[in-house]
Amino acid sequence: MRAQLHHLELVYPPISNQESEWLKNDPESLDWFKRSKIYFIGQRTESKFILETEESTLFNLKLSMKINFGFKSGDKESEGSIDLVKLFEYHGIPLTDFGDFDIELGDKLIRIWSTAKEEPEVLDWFTTEKFLYDLSRKVPFFSGFKNYRDFTKYHLHYIGISKKNDSFKRLVVKPHDKRLRILSNEYPQNKGSRVTDEIILFFFDINSLEIKQFLHPTDFNEVGQNELEDRLRIFKDAEKAFVKILDTNYNEVKFKNYPDYPDTIFNSTVERYSFSINEDIEFITDKTTIYGERDNIGVSGALADFIFINKDDKSVELVKLRDES
């Protein structure tokens, strides 16, 4: 018996539509996107950092070497701090250089510069989405923000795939019909916000695991064989599975006959397989929701929802493991 588990993982922190325009000319960031073939377009009330006055921030820095700040999206708020000593340790910077830094604070960006060398260099940076992304990875220099998952729920508009290029080129560099339609048709969720700041783009790779159970002597003929080499087929199947289950509004083709398509894993020797999201993200559509949970060892967390496909009866099911009562 052959089964597969497929986990969607971000190749880069989520970015707003506005930020995507700024990254077009950043070669270092563009390299990260090359691993992504599947992308989601979501929307959430614009988020911002809530900062103390410059005077108060500098005073607290001298006392505790921490940057205290809040985080707000719509009517939800949280607060905590960045410990600069732990941040330097995390990045392997000698504490002898600890006094050589500058900070840049704004409601959409916090950036910390190392000035130990002649040319200042960015030590770390946090947009509002990268801040949430780092919290999900349990980095040691954040404290507080216990309710950060309140901010990682997104209304999902569209799911897409790039068969020839990477996701960023398909979605941002080249004109993308659905992205433009979403920007044109959707209303901001927060008064005073722009839609371009609320639209969030997610770029995923897929981490796969194949499991074989040898029930008969002839099964051992399959030793060394697997169905993971055709990565594009896995991405094609994932797109169809998520569109079928989530029924996003801007996906015109709904793949109603899924999983029985020629280019899916269903038409292989795999008998059962699943898709889940290995990120602390929940996507919401008019039809349903799918809850992701981050596990840093490379598989989705124990409570992550998953789409389960069973070849025996051609069933496709969204399995939910949390008690939502």
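Not measured: the values here are computed from a predicted model.

**Q** Hey, could you go over the packing of aromatic side chains for me, with residue numbers and the actual values?
**A** The full count for this structure, using the stated rule, is 30 aromatic pairs. Look at Phe33 and Phe203: their rings are 4.8 Å apart centre to centre, the planes differ by 65°, and that puts the pair in the edge-to-face class. Residue Phe33 is found in helix α2 (residues 27-33), and its partner Phe203 is found in strand β12 (residues 199-212); the two are separated by 170 residues along the sequence. Every member of this aromatic cluster is reached through a ring pair, and the members are Phe49, Phe69, Phe71, Tyr90, Phe126, Phe131, Phe141, Phe142, Phe145 and Phe151. Positioned above the aromatic ring of Tyr261, the side-chain terminus of Lys240 is 5.8 Å from the ring centre. Just above the ring of Tyr291 sits the side chain of Arg322; from NZ or CZ to the centre is 3.6 Å.

**Q** Any chance you could break down the side chain of Ser136 for me, citing the residues and the numbers?
**A** Following the sequence through the fold, Ser136 ends up in helix α5 (residues 128-136). Looking at Ser136, the relative accessible area reads 5%, which means it is buried. With near-sequence residues (within four places) excluded, Ser136 lies in contact with Tyr148, Glu279, Asp280 and Arg294.

**Q** Describe a positive patch on the surface, and please don't skip the residues or the numbers.
**A** Where like charges cluster on the molecular surface, the positive patch consists of Lys164, Lys169, Arg170 and Lys174. If you trace the backbone, Lys164 turns up in the loop between β11 (153-161) and α6 (167-173). Take Lys164: its relative accessible area is 79%, and that puts it in the exposed class.

Conventions we followed
- As a convention, each chain's residues are numbered from 1 in the sequence order in which they are written.
- Note on the predicted model: pLDDT of at least 70 is required for a residue's local features to be given, and 80 or more for side-chain atom pairs to be given and counted; whole-chain, interface and lining totals, by contrast, use all residues.
- In computing side-chain properties, one takes all heavy atoms of the structure into account and sets aside hydrogens as well as water.
- Stacked, edge-to-face and tilted are the three classes for Phe, Tyr and Trp ring pairs, Trp counted by its six-membered ring, which pair at centre distances within 6.5 Å; planes under 30 degrees apart are stacked, over 60 edge-to-face, the rest tilted.
- Each helix corresponds to a stretch of at least 4 residues labelled H or I by DSSP, and each strand to a stretch of at least 2 residues labelled E; elements are numbered beginning at the N terminus.
- A ring is scored as having a charge over it whenever the NZ atom of a lysine or the CZ atom of an arginine sits within 6 Å of its centre and within 35 degrees of its normal.
- We call a residue buried when its accessible area falls under 20% of the maximum for its residue type, exposed when it is over 50%, and partly exposed in between, using a 1.4 Å probe and counting protein chains only.
- Note on definitions: a residue-residue contact is assigned when non-hydrogen atoms from the two residues lie within 4.5 Å.
- Nonpolar side chains (Val, Leu, Ile, Met, Phe, Trp, Tyr) are joined into patches within 5 Å and like charges within 9 Å, using only residues with over 30% relative accessible area and no salt bridge.
- Accessible surface area values rest on a Shrake-Rupley calculation with a 1.4 Å probe, where residue burial reflects the displayed protein chains alone.
- Within this document, salt bridges are pairs made up of a side-chain nitrogen of Lys or Arg and a carboxyl oxygen of Asp or Glu, the two lying within 4 Å of each other.
- Counted as positive: Lys and Arg. Counted as negative: Asp and Glu, with His and the chain ends omitted from the count.
- Charge positions are represented by NZ for Lys, CZ for Arg, CG for Asp and CD for Glu.

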